[in-house]
Amino acid sequence: MSAPIITFFNNKGGVGKTSLVYHIAWMMADLGKRVVVADLDPQANLTTAFLTEDEIERLWSGSGPRLTVWGTIRPFQEGEGGLGASTLTPTGDDRLGLLAGDLDLSAFEDDLSASWPKCLDGDPRAFRIISAFWSVLQNAARQHHAHYVLVDVGPSLGAINRAALVASDFVVIPVAPDLFSMQGLRNLGPALQKWRTGWRQRLHMRPENLALPEGEMAALGYVVLQHGVRLNRPVQAYQRWIRQIPEVFRGSVLGSPDPTVPDIDQDPYCLGQLKHYRSLVPLAQEARKPIFFLTHADGAYGGHLLAARDAHGDFAMMAERIMDRVVEVTQTHPA
Ligand SMILES: Nc1ncnc2c1ncn2[C@@H]1O[C@H](COP(=O)(O)OP(=O)(O)O)[C@@H](O)[C@H]1O
Ligand SMILES: [Mg+2]
């Protein structure tokens, strides 16, 4: 079986999603897995977490195609031949390869929009455009002998994310316990459902001999981003939102409202809760490494080091849980 493609998606930005993908990718590699991590957000924040500005400039300049996801797709999109080879950028750990993002990816939005209805006419180019992300991710996974492909996307419900989700076998949904994030969660379920059924309908019109994704986008569960909460907010408000998450997730994302909703601590769909790592965050950003790898040399002492060690445990548990859920969900819905 090819490597599962897991996309981290919600409808609210600035809550810590990119940081979560970055840390889970490093953690899976630390646990011995081979991982491709892909930046499909036109804001390219994930790429910035891995690379210095100089390194990014080198990827984005030069006369040949850019060594990014969009650089691989653009020649094909412009009618200059097939998809290019997927180029992975080294991250410092050879188990972890980065498919770098690109600000110019937003130029793909219009073609993706226009191609979606054309799939219903069986138009082969439209199918190739809509599945271009999937093809690039598949090629990268094959080349890297990856066990997992993790994908970061922006918060929109537009055509780029529709194509990214069509490419996804699984979805992890980060949520913050606040009004905006809960509304984001409520918008997300129906969007996923619409894209899933829309793609199934299109697959009836698929051209022969064209490999295409299943568009399963099965929800593995959610991660609670506790740090999304303003620290000066009363505890009760926080608790109120926390209590709603299992129910809203079931109603909106699973489409199966459940009268006996468990608490978040007992909920099998809760993949973990992410703490506020405070001063470790800028230290790690500066050192361009995950917070759980911070050392003295990065300026982490005493309490920082203890917190970094705790973070290692938290992220290891979350990564294991995500990998377990992939197995569970695959067994309950065999392809
Ligand atoms: N666990 C955390 N603890 C503290 N701050 C965090 C944590 N995760 C992310 N942040 C900070 O929150 C901001 C938004 O994070 P980011 O991952 O870019 O969010 P998103 O991808 O949802 O827009 C960043 O400044 C980041 O450093
Ligand atoms: Mg982001």
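Up top you'll find the structure we're talking about.
Heads up: these notes are all about the structure in this document. The structure displayed is predicted, hence computed values, not measured ones. (Residues numbered from 1 in each chain as written. Chains lettered and ligands numbered in written order. Predicted model: local features only at pLDDT ≥ 70, side-chain atom pairs only at ≥ 80, totals over all residues. Heavy atoms only, no water.)

## Re the overall build of the chain
Reasoning step 1: When you go through the chain residue by residue, the secondary structure sums to twelve helices and eight strands.
Reasoning step 2: The C-alpha atoms of the chain give a radius of gyration of 20 Å, which matches the 20 Å a tight globule of 335 residues would have.
Reasoning step 3: Projecting the C-alpha coordinates of the chain onto the three principal axes gives extents of approximately 55 × 50 × 35 Å.
Reasoning step 4: Here the chain holds 335 residues, and the buried ones make up 53% of them.
Reasoning step 5: Counted over contacts in the chain with a minimum sequence separation of 6, partners at least 24 positions apart contribute 76%.
Reasoning step 6: Total accessible area on the chain stands at roughly 15,100 Å², and carbon and sulfur atoms take up 51% of it.
Reasoning step 7: Charged side chains of the chain number 31 positive and 36 negative; the gap between the two group centres comes to 4 Å. (Helix = DSSP H or I, 4+ residues; strand = E, 2+ residues; numbered from the N terminus. Rg over C-alpha atoms; globule rule 2.2 N^0.38 Å. Buried < 20%, exposed > 50% of the residue type's maximum accessible area, 1.4 Å probe, protein only. Contact = heavy atoms within 4.5 Å. Areas by Shrake-Rupley, 256 points an atom, 1.4 Å probe, with all protein chains shown as cover. Lys, Arg positive; Asp, Glu negative; His and termini not counted. Charge placed at Lys NZ, Arg CZ, Asp CG, Glu CD.)

## A few points about the side chain of His23
Reasoning step 1: Within the secondary structure layout, His23 lies in helix H1 (residues 17–30).
Reasoning step 2: Under the relative-accessibility criterion, His23 is labelled buried at 7%.
Reasoning step 3: Apart from the residues lying within four places of it in its own chain, the contact partners of His23 are Pro290, Ile291, Phe292 and Phe315.

## As for the site of ligand 1
Reasoning step 1: Surrounding ligand 1, one finds 14 residues, the nearest of these being Gly14, Gly16, Thr18, Ser19 and Gln285.
Reasoning step 2: Residue Gly16 places a main-chain N or O atom 2.8 Å away from an oxygen atom belonging to ligand 1.
Reasoning step 3: Taking 560 Å² as the accessible area of ligand 1 by itself, protein coverage stands at 75%.
Reasoning step 4: A class-by-class count of the residues in the shell around ligand 1 yields four nonpolar, eight polar and two charged. (Near = heavy atom within 4 Å. Polar contact = N/O pair within 3.5 Å; in protein donor to acceptor, adjacent residues only side chain to side chain. Nonpolar A, V, L, I, M, F, W, Y, C, P; charged D, E, K, R; others polar.)

## Focus on the packing of helix H9 (residues 179–203) against helix H10 (residues 235–254)
Reasoning step 1: Following both chains from N to C, one finds H9 and H10 inclined at 15°, their axes separated by 9 Å at the closest point. In terms of their interaxial angle, H9 and H10 are classed as roughly parallel. With respect to the hand of their crossing, H9 and H10 are arranged in right-handed fashion. Listed contacts from H10 to Leu179, Met182, Leu185, Arg186, Leu188, Gly189, Pro190 and Leu192 of H9 are Trp241, Gln244, Ile245, Val248, Phe249, Ser252 and Val253.
Reasoning step 2: For the contact of H9 with H10, the per-class residue count stands at eleven nonpolar, three polar and one charged. (Axes fitted to C-alpha atoms, helices over the stretch in contact; angles between N-to-C directions. Parallel < 35°, antiparallel > 145°, perpendicular 65-115°, else oblique. Left-handed = near helix turned anticlockwise from the far one by under 90°.)

## Focus: the pattern of salt bridges
Reasoning step 1: Applying the stated criterion across every chain, the model contains eleven salt bridges.
Reasoning step 2: Note that Asp93 and Arg95 form a salt bridge whose closest N and O atoms lie 3.3 Å from each other.
Reasoning step 3: A salt bridge links Asp298 to Lys289, with the nearest nitrogen and oxygen atoms 2.7 Å apart.
Reasoning step 4: One continuous salt-bridge network, built from bridges that share partners, spans Arg66, Asp102 and Asp104. (Salt bridge = Lys/Arg side-chain N within 4 Å of Asp/Glu carboxyl O.)

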